[in-house]
Structure formats: structure tokens, C-alpha cells
Amino acid sequence: MDWDDLVAAARQAARSAYAPYSHYPVGAAAWTDDGRLVTGCNVENASYGLTLCAECGLVSTLAATGGGRLTQFTCVDGDGQVITACGRCRQLLWEHGGPQLQVMTPVGVVSMTELLPQAWGFDQ
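Note that this is a predicted model, so its numbers are computed, not measured.

For the overall build of the chain, give the residues involved together with the corresponding values.
The helix and strand inventory of the chain stands at 4 helices and 6 strands. Secondary structure elements of the chain, listed N to C terminal, follow the sequence α-β-β-α-β-β-α-β-β-α. Expected size for 124 residues packed as a compact globule is a radius of gyration near 14 Å; at 13 Å, the chain falls within 12% of this value. On the principal axes, the C-alpha backbone points of the chain span a range of 40 × 30 × 30 Å. Counting across all 124 residues of the chain, residues that qualify as buried make up 44%. Partitioning the contacts of the chain with sequence separation of at least 6, the portion at a separation of at least 24 is 57%.

Here it is as C-alpha cells:
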């Protein structure tokens, strides 16, 4: 599963983002353990606390298309630059990918264990 294809899919997802308040579109893409590609984009709301991040959209797509585990993940901003998920989203990614999930970040590919040290989840 190619990282270039994953970044391209995240960039495509960012084009669908609804970000009229922050003007900061985000797209996310991941490969699953059964080879599916899942994507998501941020969807803002006037009640800013109700905004859905790209990672939430991606995990919702994962669940809606059969579940499974995430194996490789990345997200990008509206300029197509790789960015790092926030703490909330790191926990979400841990829940659906675990310590084995490989994440492309601005400094390279790291494991979820490196991105979210001392994490805990359903299976711990």
C-alpha cells in the first residue's frame, strides 16, 4: 500500500472539506487491514464545538464500510501539506488502529506508539 497514493487521497478529501469558519480544510486517508482506502474531511459548524474533524469522518467511513483496523494513516491541510493529528484525534486513531498503526507526519512515518506514548484503549 503506497504512501503516495494515501497522500493523494487525503488531498482529494481536503477538497471536499466544509471550513467556512476556520478556512482550514483538512483531508485524511488511511488503508485498512483488508486493503480498503477510507477517507474523511473536516465539516465545520457555526456551533464550533460541534465541528467534525477529518479523522472523525474517516473513522465513521471505516465503521460504515465494514469496520476493521487502520494500518496506515495520513492527513493534510488545504495546501496539501502533511500535518499531524491533534491529541483528541490521536486517541481516536489509537482506538481504530492501535500501536501498530503507521502514521505519516511532517517528520516522516512513525508508529502510533511514538505519536501517542503511554496510550490506552479498549484492548488494554
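Account for helix 3 (residues 87–97), with residues named and values stated.
Of the positions making up helix 3, those classed as buried are Cys89, Leu93, Trp94 and Gly97. All buried residues of helix 3 fall inside an arc of 150 degrees around its axis, so they share one side. Those residues of helix 3 that are buried lie in contact with helix 2 (54–64), strand 3 (70–77) and helix 4 (112–115). Gly98 sits one or two positions beyond helix 3 and adopts a positive phi of about 70 degrees.

Before we move on, could you go through the packing of helix 2 against helix 3 and cite the residues and values that matter?
Direction vectors running N to C along helix 2 and helix 3 enclose 20 degrees, while the axes themselves pass 10 Å from each other. What the angle tells us is that helix 2 and helix 3 run roughly parallel. The handedness of the crossing between helix 2 and helix 3 comes out as left-handed. Between helix 2, through Glu55, Cys56, Val59 and Leu62, and helix 3, the contact on the second element is made entirely by Arg88, Cys89, Leu92 and His96. Taken together, the residues of the contact of helix 2 with helix 3 sort by class into 5 nonpolar, 1 polar and 2 charged.

Can you tell me about the pattern of salt bridges, naming the residues and giving the values?
According to the stated counting rule, one finds 1 salt bridge in the structure shown. Salt-bridge contacts for Arg36 lead to Asp34; the nearest nitrogen and oxygen are separated by 3.0 Å. A residue is classified by how much of its surface remains accessible, and Arg36, at 19% relative accessible area, is buried.

Before we move on, can you summarise the environment of Gly121 with the specific residues and values?
Along the chain, Gly121 falls in the segment after helix 4. Under the relative-accessibility criterion, Gly121 is labelled buried at 10%. Apart from the residues lying within four places of it in its own chain, the contact partners of Gly121 are Trp94 and Glu95.

For the environment of Glu55, give the residues involved together with the corresponding values.
Summarising the element assignment, Glu55 is placed in helix 2. For Glu55, a relative accessible area of 5% corresponds to the buried category. When the C-alpha positions of Glu55 and Gln102 are compared, they lie 15 Å apart, and in sequence the two are 47 residues distant. With sequence-adjacent residues up to four places away left out, Glu55 is seen in contact with Ala28, Phe73, Cys75, Ala85, Cys89 and Leu92.

What counts and how
Residues numbered from 1 in each chain as written. Predicted model: local features only at pLDDT ≥ 70, side-chain atom pairs only at ≥ 80, totals over all residues. Heavy atoms only, no water. Helix = DSSP H or I, 4+ residues; strand = E, 2+ residues; numbered from the N terminus. Rg over C-alpha atoms; globule rule 2.2 N^0.38 Å. Buried < 20%, exposed > 50% of the residue type's maximum accessible area, 1.4 Å probe, protein only. Contact = heavy atoms within 4.5 Å. Arc of directions from axis to C-beta. Axes fitted to C-alpha atoms, helices over the stretch in contact; angles between N-to-C directions. Parallel < 35°, antiparallel > 145°, perpendicular 65-115°, else oblique. Left-handed = near helix turned anticlockwise from the far one by under 90°. Nonpolar A, V, L, I, M, F, W, Y, C, P; charged D, E, K, R; others polar. Salt bridge = Lys/Arg side-chain N within 4 Å of Asp/Glu carboxyl O.

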